[in-house]
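# Structure assessment
Here is how the chains run, residue by residue.
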Protein chains: 2
Amino acid sequence: MNIGQAAKASGVSAKMIRYYEETGLIPAAGRTASGYRDYSDTDVHMLRFIRRARDLGFAVAEISELLGLWRDESRQSAEVKRLAQGHIAALKKKIADLQDMEQTLTMLVNSCQGDHRPHCPILQRLETDREDENLSIQPRAGAIPRPLQ
Amino acid sequence: MNIGQAAKASGVSAKMIRYYEETGLIPAAGRTASGYRDYSDTDVHMLRFIRRARDLGFAVAEISELLGLWRDESRQSAEVKRLAQGHIAALKKKIADLQDMEQTLTMLVNSCQGDHRPHCPILQRLETDREDENLSIQPRAGAIPRPLQ
DNA sequence: TATTGACCTTCCCATGGTTGGAAGCCCCAC
DNA sequence: GTGGGGCTTCCAACCATGGGAAGGTCAATA
């Protein structure tokens, strides 16, 4: 099987297969007489393993460890579990960071009239960095009608 | 004020200040007779704006737009709001993706005994990609004591 | 005044994972 | 045998950031 077929079968692009080989994540593929890389079903199996681990957000270095454990018949499942738990912790941290951003930004967006006027609490907040500025109690558009200016 | 002082005052590293200048996010700073970059309080103000926007996860290209609106006295707050809402949507998507990963991985971790034995549903799942494999109902370690093997 | 140490300048490199493209060779079908 | 598509390698780019080298500058101190 050449690299294009292996790519299709595994869901890993040919470019990435070469990259994984170059960086040592996977062993160098065999070659045909004319220099084409040659892949077995086992190779494709491994590539699929890699793709699934990537889909779960594992970094290539982590996948390298996972592959080692996968191949090691005498592995201890505790090791795999530890690796996965570490990754879960990293995911949780990323999620928390993004949620903080989202929350702050949502608060700002809610406090912004979003009309034709230039006044904008979002820009104001980027300018002044006042966390405690009570943006959320600003009246929503139309809540308490008052004349513009 | 030289670049080091501007960096300290703004929270943007000197490296990044030069980078932002090079890529056109900020105008080229003035220079002293000896070639040192020279920053005003206004410049520092702008740099702080940039850092805060970065802290909220805005990409540099988005910040470029935000800066334009910031400087534009006749902007419409609706534009800023639209930009921020777009960014919130992107954040939400990222969060959802990461939560999917976390959830799947947590399920796998919970189904893994994590002991000295090699059997490991995490690796199994990476191998077989069976989403519907009912991993979660596997007995937890010690739930129903039975001899190893 | 001379030295020293901390700062500035530019330039290049690395990160991580992925994609794009160019130039040249190979394989298969017609 | 010819054409089109796939293979090979190599180089570059993305994004934001940090590291470091080589050389000039500033300010304080001996």
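Thresholds, definitions, all that
Residues numbered from 1 in each chain as written. Chains lettered and ligands numbered in written order. Predicted model: local features only at pLDDT ≥ 70, side-chain atom pairs only at ≥ 80, totals over all residues. Heavy atoms only, no water. Phe/Tyr/Trp six-rings, centres within 6.5 Å; stacked < 30°, edge-to-face > 60°. Buried < 20%, exposed > 50% of the residue type's maximum accessible area, 1.4 Å probe, protein only. Helix = DSSP H or I, 4+ residues; strand = E, 2+ residues; numbered from the N terminus. Core = buried A, V, L, I, M, F, W, Y, C linked by side-chain atoms within 4.5 Å. Contact = heavy atoms within 4.5 Å. Least-squares fit on C-alpha atoms with pLDDT ≥ 70 in both. Near = heavy atom within 4 Å. Polar contact = N/O pair within 3.5 Å; in protein donor to acceptor, adjacent residues only side chain to side chain. Nonpolar A, V, L, I, M, F, W, Y, C, P; charged D, E, K, R; others polar.

Moving on to the packing of aromatic side chains. To describe a pair of aromatic rings, you give the distance between the ring centres and the angle between the ring planes. Residue and element names in this part refer to chain B. All chains considered together, the criterion is met by four aromatic pairs over all chains. Each ring, one from Tyr19 and one from Tyr20, has its centre 5.9 Å from the other, and the planes form 50°; the classification is tilted. On the basis of relative accessibility, which here comes to 5%, the residue Tyr20 falls in the buried class. Measuring from centroid to centroid gives 4.3 Å for Phe49 and Trp70, while their planes differ by 15°, and the two rings are stacked. Of this pair, Phe49 sits in helix H3 (residues 41-55) while Trp70 sits in helix H4 (residues 60-71), and the two are 21 residues apart along the sequence. Judged by relative accessible area, Trp70 falls into the buried class, the value being 15%.

Here the focus is the nonpolar core. In this structure, A:Ile17, A:Ile50, A:Leu66, B:Ile17, B:Ile50 and B:Leu66 are the most contacted members of the largest nonpolar core, which totals 78 residues. Those residues in contact with A:Ile17 that lie beyond four places of it in its chain are A:Ile3, A:Ala6, A:Ala7, A:Ser10, A:Val12, A:Ile26, A:Tyr39 and A:Leu47.

A few words on the relation of the copies chain B and chain A. Superposing chain B onto chain A requires a rotation of 180° together with a translation of 0.0 Å along the rotation axis, leaving an RMSD of 0.1 Å. Here the transformation between the copies is reduced to the relation of a two-fold axis. When each C-alpha of chain B is compared by its distance to the rotation axis, B:Ile95 comes out closest, at 2.8 Å. Both copies present the same face, since 100% of the interface residues in chain B are matched by interface residues at the equivalent positions in chain A.

Next up on the list: the protein's contact with DNA strand D. Around DNA strand D sit 18 residues in total, of which A:Asn2, A:Gly4, A:Arg37, B:Lys15 and B:Ser34 are the nearest. Each atom of DNA strand D within 4 Å of the protein was classed as base or backbone; sugar and phosphate made up 68%. Between DNA strand D and the protein, one listed contact pairs a phosphate oxygen with a backbone N or O atom of A:Gly4 at 2.6 Å. A:Arg18 is positioned such that a nitrogen or oxygen atom in its side chain is 2.8 Å from a phosphate oxygen of DNA strand D. Considering only residue class, the surface near DNA strand D consists of eight nonpolar, five polar and five charged.

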